[in-house]
Protein chains: 2
Amino acid sequence: MSQTIEFLKPSASVLDNRARIVADLSDLLPPECLVHEQRELVPFETDAFVSYCKVPLAVALPKTTAQVAAVMKYCHRYGIPIVPRGAGTSLSGGAIPQEDAVVIGLSKMSQILELDFFNRVATVQAGVTNLSISDAAGPQGFFYAPDPSSQLACTIGGNIGMNSGGAHCLKYGVTTNNLLGVKMVLVDGTVLELGGKHLDASGYDLLGLVCGSEGQLGIVTEATVRLIAKPEGARPVLFGFDTSEQAGSCVADIIGSGIIPVAIEFMDKPAIEICEAFAKAGYPTDVGALLIVEVEGSEDEMDAMLADIVAIARQHAVKTVRECQSAMEAAAIWKGRKSAFGATGRISDYICMDGTVPLSQLSYVLQKTSEITDHFGLRVANVFHAGDGNMHPLILFNANDPVEAAKAEEAGNQILRLCVDAGGCLTGEHGVGIEKRDLMRHQFSDADLAQQMAVRFAFDDGWLLNPSKVFPLEGRPAS
Amino acid sequence: MSQTIEFLKPSASVLDNRARIVADLSDLLPPECLVHEQRELVPFETDAFVSYCKVPLAVALPKTTAQVAAVMKYCHRYGIPIVPRGAGTSLSGGAIPQEDAVVIGLSKMSQILELDFFNRVATVQAGVTNLSISDAAGPQGFFYAPDPSSQLACTIGGNIGMNSGGAHCLKYGVTTNNLLGVKMVLVDGTVLELGGKHLDASGYDLLGLVCGSEGQLGIVTEATVRLIAKPEGARPVLFGFDTSEQAGSCVADIIGSGIIPVAIEFMDKPAIEICEAFAKAGYPTDVGALLIVEVEGSEDEMDAMLADIVAIARQHAVKTVRECQSAMEAAAIWKGRKSAFGATGRISDYICMDGTVPLSQLSYVLQKTSEITDHFGLRVANVFHAGDGNMHPLILFNANDPVEAAKAEEAGNQILRLCVDAGGCLTGEHGVGIEKRDLMRHQFSDADLAQQMAVRFAFDDGWLLNPSKVFPLEGRPAS
């Protein structure tokens, strides 16, 4: 991949004092919580946005909020950049370090502190994986709703940083809609508690602000999240269409009718073929586009909702309707969808875009996306959360061919600009990270960005927290 | 009522230049958009928290975002405080002016700009009343969900300022969950657009931060809100219990079971008697506590949900179960509930608290509330959104008796402290305003408040926007 995104120039004074910094950190942390040997640092050099990598100065893996606070206070005093890290599954490079940074990884803070079914909340440490909350609450009939495809690995802390979504967020909302409180550490080591088990909060909604702030306002060490009662049943149905346009209009009409299925996922022909070859999910391969629509409730409720949805699909000339007959079949359908990125990675390098558009623009943007990738002579596979308008074009390319890599990156930029111009935004759930940092000026006016940066400044006036990310390097306020 | 809450000392230089300021404003606004005669200013001296009043310097009633921006830019240049105002229905004094302030009222910005059923959103000017959005969208089968009791009068701009809730927010969420975008004017006249018709946003969630910021970060002039499809049917059922404790435990068990009715409203015996006498709603008067539980969906769905809910109520020794037989009966039930504050006002002066607690604390807090009001020899009526844990004790007192008024205020303070100590917060939906400003230190640590104030400072470094509100006067940063 072409290295077109610049990192901040590392601080010479930090690099020169590396040995001293490591020694100081080793006073603050037990030996098993500090990584500083070069070969042990390499695994932390990148995340799931593998196009860029930088080996950090050191990695702290604290076990307690107090240890997080001690490391941050130290780094703050000496002007050392800090890069927070959950499981390193960021698709936008949100956890990629820089050479002069101390990475603070939350992987050792992986305890579920409380399951409170009476108040329907769970309180967990930030390094707990997404899926393990549902696993723990499952026996009592509850689950944690946001379900990124990486949910087996990704952490709640990372989910909060990126305001992560997932296939089932159409009904249940994304992370911010399911987050009730956090304990977080500010850059100077101050510990704040925001929100709690109750509705809303007095004063400003700092909790909402922190959710999605990509580790730039502080590091979350504990979170209180909503638990949802499992539905009586859930049933996906597959709809095959000849064209993506038909599928796109069908989605808009389902949503426009007021029905809210728990998920509406879209795959175009390339995505269907890739996923079917990998997961044997039973997808029809003679269609141009596929929708997975899932409904929940009692058998009667599901029957009624599906009847309405099938009627709408028929108005859009649906070619194949396949209702799911068993739990095993349903699991296969979801396995196919959730392995889409991995399955694509088996056959080609790819970059995954995350633009989000109003539903009425879905068909138009799909059409234009094809035109853009055609123009560059590249293939594209579309597999995404259609009910939310949250698109994921996967642009396939050969990473060993620098010319093709540059084309892929430019095609991706054009697609994201297209989403913004269609009334949408650069990211639905993956975050801005380093990937989309330089496109922020296309979405936001100077006044918009200045206001966001002023808020960042109110938390971190030295710009030490995850500093290479989110905001274009030029035009930042002097710290 | 005892005047125990202090206002900021008005600026002598602003007061001395009153004539000049009015003349300057009259250059910026058409004559019908500027109120400056003393007798015409009096209606703006307070809001629904009538305990305090101050006649403002002038009132601007702009018709356009450009006019709002021009007035704010002018006030910013000359250091004149600004108090935003919707319909003046704030229960926490959020719209009470100060003598040296220009009030910016949004009542003339009352146009519905777009109903976009395809994307299920409405875009409206900030002075549009809450109910008029549902009225406009109703013929197409949609509505705007948050429903404060003042919904006939209160504006979307005010709802955004206070992150307003309502009886039906248990299922649909409060304002922040239904707000997709705003156009807003910063204190210096800069116009920002946050969010839009799409899911989520790139960069920081400034939209979430602005919602509930009580007019201190800017003035919202337009809003894009979610429209929800009307359910097939809705049916309230009344449950009468001997004691408040039984009703409180029943609420916690309904929610704990995972069922989410669209509303669970609670009334204790004094509230039942007051509302029944006024609204003839058909409430049973031989019970100690009443729940109104409303479910939505098809007839079959409602039957199934109600059967489960009735079974839970029976476990808590429910005395009366009355299912609603007609739309007229349902309307009467809701009219009774929504007129509770007005009906109380007919028989006594009162102050309404807005503390919110985790559901598991409901019975305990109700019991302690009685003990507190008993201690002061005052009567209390409880009528509130029980499913959310959002309590509204109405403390009855005689406003012409300064000793009793002081007791009522102190009892209210003790009740709010109780809510915080039980793991809750000072306000669920009415806002901090001026009423609860001096209690913020009980909820928040110095570090919490300092961080909130730093964020405020990032929007308004001169503290000109609604300056007497939200933060205790002592300990504010120098501007």
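Residues numbered from 1 in each chain as written. Chains lettered and ligands numbered in written order. Predicted model: local features only at pLDDT ≥ 70, side-chain atom pairs only at ≥ 80, totals over all residues. Heavy atoms only, no water.

## Some words on the overall build of chain A
Note the threshold: In DSSP terms, a helix is any run of H or I states spanning at least four residues, a strand is any run of E spanning at least two, and both are numbered starting from the N terminus. Burial classes: relative accessible area under 20% of the type maximum marks a residue as buried, over 50% as exposed, and values in between as partly exposed (1.4 Å probe, protein chains only). Here, two residues are considered to be in contact whenever any of their heavy atoms come within 4.5 Å of each other. To be clear on the numbers: accessible area is Shrake-Rupley with a 1.4 Å probe, and residue cover counts the displayed protein chains and nothing else. In this tally, Asp and Glu contribute negative charge and Lys and Arg positive charge; neither His nor the terminal groups of the chain are included. Charged side chains are reduced to one point each, which is NZ for Lys, CZ for Arg, CG for Asp and CD for Glu.
Broken down by element type, chain A carries 18 helices and 18 strands. Principal-axis analysis of the C-alpha atoms gives chain A an extent of 70 × 55 × 45 Å. Counting all 479 residues of chain A, 62% fall into the buried class. Sequence-distant contacts, at least 24 apart, represent 72% of the contacts inside chain A between residues at least 6 apart. Approximately 16600 Å² of chain A is accessible, and the part contributed by carbon and sulfur atoms is 51%. Charge separation in chain A, taken as the distance between the mean sites of 36 positive and 57 negative side-chain charges, equals 4 Å.

## Some points on the sheet that holds strand β3 (residues 82-85) of chain B
Residue and element names in this part refer to chain B. Test applied: What makes two strands pair is DSSP finding at least two bridges between them. Where helices are involved, their axes are fitted lines through C-alpha atoms of the stretch in contact, as for all axes, and angles between N-to-C directions lie from 0 to 180°.
The strand order across the open sheet built from four strands is β1-β2-β4-β3, with neighbouring strands paired in mixed fashion. Single-partner strands in this sheet number two, and they are β1 (34-35) and β3. Where β3 meets strand β4 (residues 102-105), four bridges bridge the pair, whose relative direction is parallel. What sits directly across from I82, in β4, is V102. With respect to the sheet, helix α4 (residues 65-78) is in contact with β2 (58-60), β3 and β4, its orientation differing from that of β4 by roughly 160°.

## Digging into the interface of chain A and chain B
Applicable threshold: Buried area counts how much accessible surface, traced with a 1.4 Å probe, disappears from two parts once they are put together, with both parts' losses summed. One speaks of a salt bridge when a side-chain nitrogen belonging to Lys or Arg is within 4 Å of a carboxyl oxygen belonging to Asp or Glu. Under the rule applied, a polar contact is a pair of N or O atoms within 3.5 Å (in protein, one hydrogen donor and one hydrogen acceptor; residues adjacent in sequence only if both atoms are side-chain atoms). In this classification, the charged set is Asp, Glu, Lys and Arg, the nonpolar set is Ala, Val, Leu, Ile, Met, Phe, Trp, Tyr, Cys and Pro, and all remaining amino acids, among them Gly, are polar.
The interface of chain A with chain B comprises 66 residues on the first partner and 66 residues on the second. Of the roughly 5100 Å² buried at the junction of chain A and chain B (both faces included), carbon and sulfur atoms supply 61%. Scanning the region where chain A abuts chain B turns up zero salt bridges. Applying the counting criterion to the chain A and chain B interface returns 16 residue pairs in polar contact (both at pLDDT 80 or more). Among the elements of the structure, β9 (191-195), α9 (206-210), α10 (244-256), α17 (440-443) and α18 (446-459) of chain A are those that each provide at least two residues to the side of chain A that touches chain B. Take the side of chain A that touches chain B: its biggest share by element is nine residues, from α18(A). Class assignment of the residues belonging to the side of chain A that touches chain B gives a composition of 32 nonpolar, 24 polar and 10 charged.

## Comments concerning the sheet that holds strand β10 (residues 219-226) of chain B
Residue and element names in this part refer to chain B. Spatially, five strands are ordered β5-β6-β10-β8-β9 in an open sheet, and the strand pairing comes out antiparallel. At either end of the open sheet lies a strand with only one pairing partner, and these are β5 (112-116) and β9 (191-195). Here the average twist between neighbouring strands, direction ignored, is 10°. Sheet topology places β5 next to strand β6 (residues 121-125); four bridges connect them, and they run antiparallel. Paired with D116 across the bridge in β6 is V121.

## Describing the relation of the copies chain A and chain B
A rotation about an axis combined with a shift along that same axis relates the two copies of the chain. Let me state the cut-off plainly: Copies are brought into register by a least-squares superposition over C-alpha atoms of residues with pLDDT of at least 70 in both.
The two copies are related by a screw motion: chain A maps onto chain B through a turn of 180° and a shift of 0.0 Å along the axis, at an RMSD of 0.0 Å. What we have between these two chains is a two-fold relation. Counting the interface residues of chain A, we find that 100% of their copies in chain B are interface residues as well, pointing to one common contact surface.

## So, the domain arrangement of chain A
Operational definition: What marks off one domain from the next here is an automatic or database domain assignment.
Domain parsing of chain A yields domain 1 (12-105), domain 2 (112-229) and domain 3 (233-422). Using C-alpha coordinates to define each centre, domain 1 of chain A is positioned 38 Å away from domain 3 of chain A.

## A closer look at the packing of helix α11 (residues 269-279) of chain A against helix α14 (residues 340-347) of chain A
Residue and element names in this part refer to chain A. Spelled out, the test is: Roughly parallel here means an angle under 35 degrees, roughly antiparallel means over 145, roughly perpendicular means 65 to 115, and every remaining angle is called oblique.
Taken N-terminus to C-terminus, the directions of α11 and α14 make an angle of 90°; their axes are 9 Å apart at the nearest point. The pairing of α11 with α14 is recorded here as roughly perpendicular in orientation. Touching I274, C275, A277 and F278 of α11 are A340, A343, T344, R346 and I347, all from α14. Taken together, the residues of the contact of α11 with α14 sort by class into seven nonpolar, one polar and one charged.

## Focus: the packing of helix α2 (residues 18-28) of chain A against helix α4 (residues 65-78) of chain A
Residue and element names in this part refer to chain A. Definition in use: Take the far helix as the reference: if the near one is turned anticlockwise from it by less than a right angle, the crossing is left-handed, and if turned clockwise, right-handed.
The contact between α2 and α4 brings their axes to 10 Å, and the two run at 150°. Comparing their axes, α4 and α2 come out roughly antiparallel. α4 is crossed by α2, and the crossing has right-handed handedness. Residue-level contacts link R20, I21, D24, L25 and L28 of α2 to Q67, A70, V71 and Y74 of α4.

## As for helix α15 (residues 362-375) of chain B
Residue and element names in this part refer to chain B. To be explicit about the condition: A helix is expected to reach a length of 1.5 Å times the quantity of its residues less one.
Between its terminal C-alpha atoms α15 stretches 20 Å, which fits the 20 Å expected from 14 residues at 1.5 Å a residue. Burial in α15 covers these residues: L362, S363, V365, L366, T369, I372 and T373. Buried positions along α15 lie against α10 (244-256), β13 (263-268), β17 (379-385), β18 (393-397) and α16 (402-421). Directly after α15, the chain includes G377, whose backbone phi takes a positive value near 70°.

## As for the pattern of salt bridges
The tally for this structure, following the rule as stated, stands at 38 salt bridges over all chains. We note a salt bridge from B:K183 to B:E222, for which the minimum N-O separation is 3.7 Å. Of this pair, B:K183 sits in strand β8 (residues 179-185) while B:E222 is found in strand β10, placing the two residues 39 residues apart along the sequence. Overall, B:E222 belongs to the buried group, its relative accessible area being 18%. Salt bridges sharing partners connect three or more residues here, namely A:R235, A:E299, A:D303 and A:E323.

## Focus: helix α5 (residues 130-137) of chain B
Residues and elements named next belong to chain B. What counts, and what does not: Comment: arc refers to directions from the helix axis out to C-beta atoms.
Taken together, the buried positions of α5 are occupied by N130, I133, S134 and A137. Around the axis of α5, the buried residues are gathered within 95° of arc, so they sit on the same side. Each element contacted by the buried residues of α5 is listed here: β5, β6, β7 (142-143), α6 (156-162) and β10.

## Thoughts on the packing of aromatic side chains
Condition: Each Phe, Tyr or Trp ring (for Trp, its six-membered ring) is paired with any other whose centre lies within 6.5 Å, and the angle between the two planes then decides the class: stacked below 30 degrees, edge-to-face above 60, tilted in between. Any Lys NZ or Arg CZ found within 6 Å of a ring centre and within 35 degrees of that ring's normal is scored as a charge over the ring.
Scanning all chains against the criterion turns up 18 aromatic pairs over all chains. Each ring, one from A:F49 and one from A:Y52, has its centre 6.0 Å from the other, and the planes form 25°; the classification is stacked. Judged on exposure class, the residue A:F49 and its partner A:Y52 are both buried. Grouping aromatic residues by their ring pairs yields a cluster made of A:F7, A:F49 and A:Y52. Over the ring of B:W463 we find B:R456, and its NZ or CZ is 4.1 Å from the ring centre.

## Digging into a negative patch on the surface
Filter applied, for reference: A patch consists of residues whose relative accessible area exceeds 30% and which take part in no salt bridge; residues with like charges are grouped when within 9 Å of each other, and nonpolar side chains (Val, Leu, Ile, Met, Phe, Trp, Tyr) when within 5 Å.
Together, A:E232, A:D300, A:D308, B:E232, B:D300 and B:D308 give the surface a local cluster of negative charge. Going through the elements one at a time, α12 (299-315) of chain A together with α12 (299-315) of chain B are the ones with two or more residues in the negative patch. Mapped onto the fold, A:D300 is located in helix α12.

## Notes on the pairing of β10(B)
All names here are of chain B. In terms of burial, β10 is largely enclosed, as seven of its eight residues are buried. Pairing analysis gives five bridges linking β6 to β10, with the strands arranged antiparallel. Note that in β10 the partner of V121 across the bridge is R226. With six bridges connecting them, β8 and β10 associate as antiparallel partners. Note that in β10 the partner of M184 across the bridge is V220.

## Some thoughts on the environment of A:G433
All names here are of chain A. Relative to the elements of secondary structure, G433 occurs in the loop between α16 (402-421) and α17. According to the relative accessible area criterion, G433 is buried, its value standing at 0%. Each residue touching G433, except ones within four places of it in the same chain, is listed here: S92, G94, E214, K469 and V470.

## Quick look at the environment of B:A69
Residue and element names in this part refer to chain B. If you trace the backbone, A69 turns up in helix α4. Residues A69 and D188, spaced 119 residues apart in sequence, show a C-alpha to C-alpha distance of 7.7 Å. Beyond its immediate stretch of four places on either side in the chain, A69 contacts V185, G189 and V191.

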